[in-house]
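Coordinates in review
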Amino acid sequence: MEKRPFNELGLSPELLKAVDKMGFEEASPIQTAVIPHGLAGKDVVGQSATGSGKTAAFAIPAIEKVDVKLRAVQVLVLCPTRELAVQVAEEFGKLAFFKKGLMEVPIYGGQSYERQFRALHAGAQVVIGTPGRVMDHMARGTLKLDALKVVVLDEADRMLDMGFRDDIEHILKAVPEQRQCLFFSATMPRAIQDLIKRYTRDPAWVRIEAHAQNAPQVEQIYFEVDRRSKIELLTRLVDYHDFRYGIIFCSTKIMVDELDEHLHARGYSTDRLHGDITQAQRTRVMDKFRRRGFEFLVATDVAARGLDVDDLEVVFNFDLPNDAEDYTHRVGRTGRAGRKGMAFTFVAGRELYKLQNMIHYGRLKIRRENIPSMDEVEEARGNVFFERLRATLEEKKFKSHDEMFGRLMEQGHTSTDIASALIHLLQGQEAEAAKPAKAAPTKTKAERIAANEAPKTVSSGGPVSRPAAAGREASPPTITEHPKGFSSGDRFAAQKRSFDRKPRTGREPGFTTVSFNVGRAQLITPADLVGKIAGVTRLPANVVGAIDIHEEHTLVDVATEHAELVMAKLAGIRIKNQSLKPALVPPAANY
Ligand code: ADP
Ligand code: MG
């Protein structure tokens, strides 16, 4: 696959300076192939994997075409999602850094029209938008396209999947005849080929093979696993490899919610993305993830598509993707920029045949492995502890405790004995903490202490900060109650152990009683409910007061100020196969 230096592609000095400033050493294959056609004014159809650098491939020629003296829209980029529009706009901004007078603006649903209108009115030459909002602005007359020179469709297949076909056609019909069309799509289904036929003229086709692009950098492994044991396997792998940054893909919104809650309950730092999450919230989650404000993003394909994050350590296919293309898209998010990444795919039951098909027809390179045993996890964990201890010593990143040491030595203890006793204490604390979930295959408290690291839970902050520590405390050890194939693992078992709810003794001041339609008959425990409430609302544990479990229902005292939210959020949530119907219990009611 050919790659060339940018200075052989015919760029202006401004653009060359910009790519240099961005740290790009050479043009990627898709850029090498697309940019010269783009500069020559040709229509282009480009097909390549996620992460291959398509944005700059169209942005560079588009920027070169802009006449900055003309304060009118000359480039229009259509993107499937708001996040992508923002990312693409940022990339335009960086690439046009030295091209003075160029203005770009992302326009998308969810942001005020006013703000977008001002930017358009100010004379932005480059508009990057989602089809719906672009149409709205066209209809309002706030977006005029008569000076348009270049139109770009980014992730065209995804836009069609999202139902934007009519909008796209409407827009393409409205742009001037004499414009250049750059068309990008990961896949080329018939509908896309139709669009290409109708709206491009004799395009140059550029196709960069996906598997050759991604595979060598990513170690790809699949496991056959019982459906119920997927979470256990996931946490085991995370602990075994000590991963700290990755995406976990699920096939449905419900699965995303459930898994996020489960992982959260087990003390992992996670957040989620799917189609039902509000735009504002999504942006916050993405920003936070990019800043590494939490460790694992649980997401559906649609929500994560186009999310530009570098250097993920790992991608989990918790559920199998639909086809080889989606697989490549997901896996392409790790192993970027020359780093080695890992991708794990879980298959349950008959999914194995589907995966084998994908491997065969998509020419994927995924090998099968056995699930790591507890012993192996323990051993890896021991190694992690050893490595951290060593690093701590080598980097001298600890305070000295000469006085305490001196006193112990005076009493006749050797330094090796003192160190051994400390390790014993650290590990003993953990063993104690891990009851009843013995031999938790997780990062031990001892390791966190050795790494001089506070439990991650307390550190989370920022706009989407979950009530971390408290939320975790509330996390119930529900996992131990499920008939899982493995023993359970909890990073913060100690906190959980102290989790002990008193039975409901009457309403405390400031609390409102909510009745839930589950009880002893469903084998509900207080922990189940508190866990659900904390997981779903992200409120701290102390918003829940006393809990009183009856045969068919449970009374839960909730801080009055949050009662409404708790009821709204929990309505319809499933617990023990029952859909929750919370109801307010009037103060005088007697159950
Ligand atoms: P795609 O749209 O194909 O998924 P992007 O355009 O989002 O890929 O690029 C992925 C990442 O690679 C971005 O962080 C981008 O800044 C970076 N990138 C793009 N081109 C180059 C290059 N020539 N050299 C190094 N990094 C690049
Ligand atoms: Mg892209």
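One structure accompanies this document, and this report is about it. In this numbering scheme, every chain counts its residues from 1 along its sequence in written order. Whichever chain is written first becomes A and whichever ligand is written first becomes 1, with later ones labelled in order. Per-residue local features are limited, in this predicted model, to residues with pLDDT of at least 70; the limit for side-chain atom pairs, both in listing and counting, is 80 or more; totals at the level of whole chains, interfaces and linings are taken over all residues. Heavy atoms throughout the structure, all of them, feed into the side-chain values; hydrogens and water do not.

1. A short note on the pattern of salt bridges
Two side chains with opposite charge may pair up if their charged atoms get near one another. Spelled out, the test is: For this analysis, a salt bridge means a side-chain nitrogen from Lys or Arg found within 4 Å of a carboxyl oxygen belonging to Asp or Glu. Labels follow the DSSP assignment, with helices taken as runs of H or I lasting at least four residues and strands as runs of E lasting at least two, numbered in each case from the N terminus. Between buried and exposed lies partly exposed: a residue is buried under 20% and exposed over 50% of the maximum accessible area for its type, with that area taken using a 1.4 Å probe on protein chains only.
Enumeration according to the criterion identifies 27 salt bridges in this entry. As a salt-bridge pair, Asp 301 and Arg 330 come within 2.7 Å of each other at their nearest N and O atoms. Of this pair, Asp 301 sits in helix H14 (residues 301–304) while Arg 330 sits in helix H15 (residues 324–331), and the two are 29 residues apart along the sequence. The exposure class assigned to Asp 301 is buried, which follows from its relative accessible area of 17%. Through salt bridges that share partners, Arg 165, Glu 169, Lys 173 and Arg 198 make up one connected network.

2. Focus on the site of ligand 1
This is how it is decided: Here, proximity means that at least one heavy atom of the residue falls within 4 Å of the molecule or strand. Polar contact is the term for a pair of N or O atoms within 3.5 Å; when the atoms are in protein, one must be able to donate a hydrogen and the other to accept it, and sequence-neighboring residues count only if both atoms are side-chain atoms. Each accessible area is a Shrake-Rupley result for a 1.4 Å probe, and residues are judged covered by the shown protein chains and nothing else. Three classes are used: nonpolar for Ala, Val, Leu, Ile, Met, Phe, Trp, Tyr, Cys and Pro, charged for Asp, Glu, Lys and Arg, and polar for all others, with Gly counted as polar. What fixes the domain bounds is an automatic or database domain assignment.
Around ligand 1 lies a shell of 17 residues, among which Glu 26, Gln 31, Gly 51, Lys 54 and Thr 55 are the nearest. Lys 54 has a polar backbone atom sitting 3.0 Å from an oxygen atom of ligand 1. Thr 55 is positioned such that a nitrogen or oxygen atom in its side chain is 2.6 Å from an oxygen atom of ligand 1. Protein contacts shield 79% of the accessible area of ligand 1, which totals 560 Å² for the unbound molecule. Looking at the shell around ligand 1 residue by residue, the classes come out as four nonpolar, seven polar and six charged. Summarising the domain contributions, the shell around ligand 1 has at least three residues from each of domain 1 (6–208) and domain 2 (214–374).

3. Some details on the packing of helix H11 (residues 230–241) against helix H12 (residues 253–265)
Helix-helix packing is described using two parameters, namely the angle between the two axes and the distance between the axes. Definition in use: With axes taken as lines fitted to C-alpha atoms, and helix axes fitted only over the stretch in contact, angles between N-to-C directions fall between 0 and 180 degrees. Note that the term roughly parallel is reserved for angles under 35 degrees, roughly antiparallel for angles over 145, roughly perpendicular for angles of 65 to 115, and oblique for everything else. By definition, turning the near helix anticlockwise from the far helix through less than a right angle yields a left-handed crossing, and turning it clockwise yields a right-handed one. By the convention used here, residues are in contact when the closest approach between their heavy atoms is within 4.5 Å.
Put simply, H11 and H12 touch, their axes get as near as 11 Å, and they point 50° apart. Classified by the angle their axes make, H11 and H12 are oblique. In this structure, H11 meets H12 at a crossing whose hand is right-handed. For the pair H11 and H12, the contacting residues are Ile 231, Leu 234 and Thr 235 in the first and Leu 259, His 262 and Leu 263 in the second. Here the contact of H11 with H12 is built from residues that sort into four nonpolar, two polar and no charged.

4. Overview of the packing of helix H6 (residues 131–140) against helix H8 (residues 165–174)
Taken N-terminus to C-terminus, the directions of H6 and H8 make an angle of 45°; their axes are 9 Å apart at the nearest point. The angle between H6 and H8 places the two elements in the oblique class. H8 is crossed by H6, and the crossing has left-handed handedness. Contacts from Pro 131, Gly 132, Val 134, Met 135 and Met 138 of H6 reach H8 at Asp 167, Ile 168, His 170, Ile 171 and Ala 174. A class-by-class count of the residues in the contact of H6 with H8 yields seven nonpolar, two polar and one charged.

5. What about the side chain of Thr 142?
Here Thr 142 is to be found in the loop between H6 and strand E5 (150–153). Looking at Thr 142, its side chain comes within polar contact range of the side chain of His 137, at 2.7 Å. Excluding anything up to four places from it in sequence, Thr 142 contacts Phe 117, Leu 120 and His 137.

6. Let's talk about the sheet that holds strand E1 (residues 44–47)
Selection criterion: Two strands are counted as paired when DSSP detects at least two bridges linking them.
Taken in spatial order, the seven strands of this open sheet run E3-E4-E2-E5-E6-E1-E7, and their pairing is parallel. If you trace the sheet from one side to the other, it starts and ends with strand E3 (104–107) and strand E7 (204–207), each paired once. Strand-to-strand, the axes of this sheet are offset by a mean angle of 15°, without reference to chain direction. Direction of pairing for E1 relative to E7: parallel, over a ladder of four bridges.

7. Comments concerning the packing of aromatic side chains
Worth spelling out the cut-off: Aromatic pairing here means that ring centres of Phe, Tyr or Trp (its six-membered ring) are within 6.5 Å. Orientation follows from the plane angle: under 30 degrees is stacked, over 60 is edge-to-face, and everything else is tilted. Each ring is checked for a lysine NZ or an arginine CZ that lies within 6 Å of its centre and within 35 degrees of its normal; such an atom marks a charge sitting over the ring.
Across all of its chains, the model carries 13 aromatic pairs by this definition. A centroid spacing of 6.2 Å and a plane angle of 65° characterise the contact between Phe 316 and Phe 346, whose relative ring orientation is edge-to-face. Here Phe 316, found in strand E12 (residues 314–317), pairs with Phe 346, found in strand E13 (residues 341–347); they are 30 residues apart in sequence, far enough to count as distant. Each member of the pair, Phe 316 as well as Phe 346, carries the same accessibility label: buried. Ring pairs connect the aromatic residues Phe 223, Phe 243, Phe 316, Phe 318, Phe 344 and Phe 346, which therefore count as one cluster. Directly above the aromatic system of Phe 98 lies the positively charged group of Lys 17, at a separation of 4.5 Å from the ring centroid. Note that Arg 140 overlies the ring of Tyr 113, its terminal NZ or CZ placed 3.5 Å from the centroid.

8. What to know about the side chain of Thr 187
Tracing the backbone through its elements, the reader meets Thr 187 in the loop between strand E6 (180–184) and helix H9 (190–199). A polar contact of 2.7 Å, which involves the side chain of Thr 187, links it to the side chain of Asp 157. When sequence neighbours within four positions are dropped, the list of residues in contact with Thr 187 reads Gln 47, Asp 157, Ile 192 and Glu 325.

9. Thoughts on the sheet that holds strand E15 (residues 511–516)
Within a sheet, adjacent strands bond to each other through the backbone by hydrogen bonds, running parallel or antiparallel. Read from one edge to the other, the open sheet built from four strands follows the order E16-E17-E15-E20, with strand pairing classed as antiparallel. One side of each edge strand has no neighbouring strand; the edge strands of this open sheet are strand E16 (544–549) and strand E20 (583–584). Across six bridges, E15 lies against strand E17 (residues 554–559) in antiparallel orientation. Residue Ser 515 lies in a different strand from E17, and its bridge partner there is Leu 555. Sheet contacts for helix H25 (residues 526–537): E15, E16 and E17; angle to E16, the most-contacted strand, approximately 140°. Packed onto the sheet, helix H26 (residues 560–570) meets E15, E17 and E20 and runs at close to 130° relative to E17.

10. Re the environment of Met 138
Relative to the helices and strands, Met 138 is located in helix H6. Sequence separation between Met 138 and Ala 174 is 36 residues, and the spatial gap between their C-alpha atoms is 9.2 Å. Other than its neighbours up to four places away in sequence, Met 138 contacts Leu 143, Leu 145, His 170, Ile 171 and Ala 174.

11. A closer look at the nonpolar core
Applied cut-off: Among the buried residues, those of types Ala, Val, Leu, Ile, Met, Phe, Trp, Tyr and Cys that are joined through side-chain atoms within 4.5 Å form a nonpolar core.
Residues Phe 58, Ile 60, Val 77, Phe 92 and Ile 128 are the most contacted members of the largest nonpolar core, which totals 37 residues. Looking at this core, the elements that each hand over two or more residues are helix H1 (13–21), helix H2 (29–39), helix H3 (54–65), strand E2 (75–78), helix H4 (82–95), strand E4 (126–129), E5 and E6. It is H3 that provides the largest number of residues to this core, a total of seven residues. Residues in contact with Ile 60, not counting those within four places in the same chain, are Phe 6, Leu 11, Leu 15, Val 19, Ile 35 and Leu 95. If you look at the next biggest cluster of nonpolar residues, it comprises 31 residues, including Leu 120, Leu 143, Ile 171 and Phe 183.

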